Amino acid sequence: MKKVIGYVSVKREHRNHPYHKFVMDSFQMVCDQNEWELVKVYEDVCSSPKEPRIAQIQMHNDLARRNDIDILLLYAFGKLIVMDNSGGMKRKKVPK
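Predicted, not measured: the structure shown is a model, and the values here were computed from it.

A few words now on the overall build of the protein chain. Helix and strand content of the protein chain: 2 helices and 4 strands. Listing the helices and strands of the protein chain from first to last along the sequence gives β-α-β-α-β-β. In the protein chain, buried positions account for 31% of the 96 residues. Long-range contacts, defined here as pairs at least 24 residues apart, represent 63% of the contacts in the protein chain between residues at least 6 apart. Total accessible area on the protein chain stands at roughly 6600 Å², and carbon and sulfur atoms take up 54% of it.

Grouped together as the largest cluster of nonpolar side chains are 10 residues: Val4, Val8, Val23, Phe27, Val30, Cys31, Trp36, Ile71, Leu73 and Tyr75. If you list the elements that add at least two residues to this core, you get strand 1 (3-11), helix 1 (18-34) and strand 3 (71-76). With 4 residues, helix 1 is the largest single contributor of residues to this core. When sequence neighbours within four positions are dropped, the list of residues in contact with Phe27 reads Gly6, Tyr7, Val8, Leu38, Val41, Leu73, Leu74, Tyr75 and Leu80.

About the thresholds
Residues numbered from 1 in each chain as written. Predicted model: local features only at pLDDT ≥ 70, side-chain atom pairs only at ≥ 80, totals over all residues. Heavy atoms only, no water. Helix = DSSP H or I, 4+ residues; strand = E, 2+ residues; numbered from the N terminus. Buried < 20%, exposed > 50% of the residue type's maximum accessible area, 1.4 Å probe, protein only. Contact = heavy atoms within 4.5 Å. Areas by Shrake-Rupley, 256 points an atom, 1.4 Å probe, with all protein chains shown as cover. Core = buried A, V, L, I, M, F, W, Y, C linked by side-chain atoms within 4.5 Å.

Shown next, in the form of structure tokens:
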């Protein structure tokens with residue numbers, strides 16, 4: 001079974017919106033449809049585009065430590081984007 005992690009960034013004022021809940025549920029729905037295991041969803045909640053993306057940094061650092069994640073699911077531009085990570089991409093730890 002392929003292992004998956006997800007990432008989404010959301011404005012603080014949209015965090016409790018039903019559409020955001022739908023997006024979060026979509027990560028699990030896509031994994032269920034493809035018989036993938038959703039390991040974790042990283043979520044940045046920000047008030048400003050200039051705020052640091054702590055969850056995104058944590059995701060990259062976790063990927064640098066783990067080699068068992070096959071797929072990245074990203075929510076961007078109104079769509080779920082599927083990225084294959086099984087090619088063994090070399091990653092370096094991202095400084096905070």
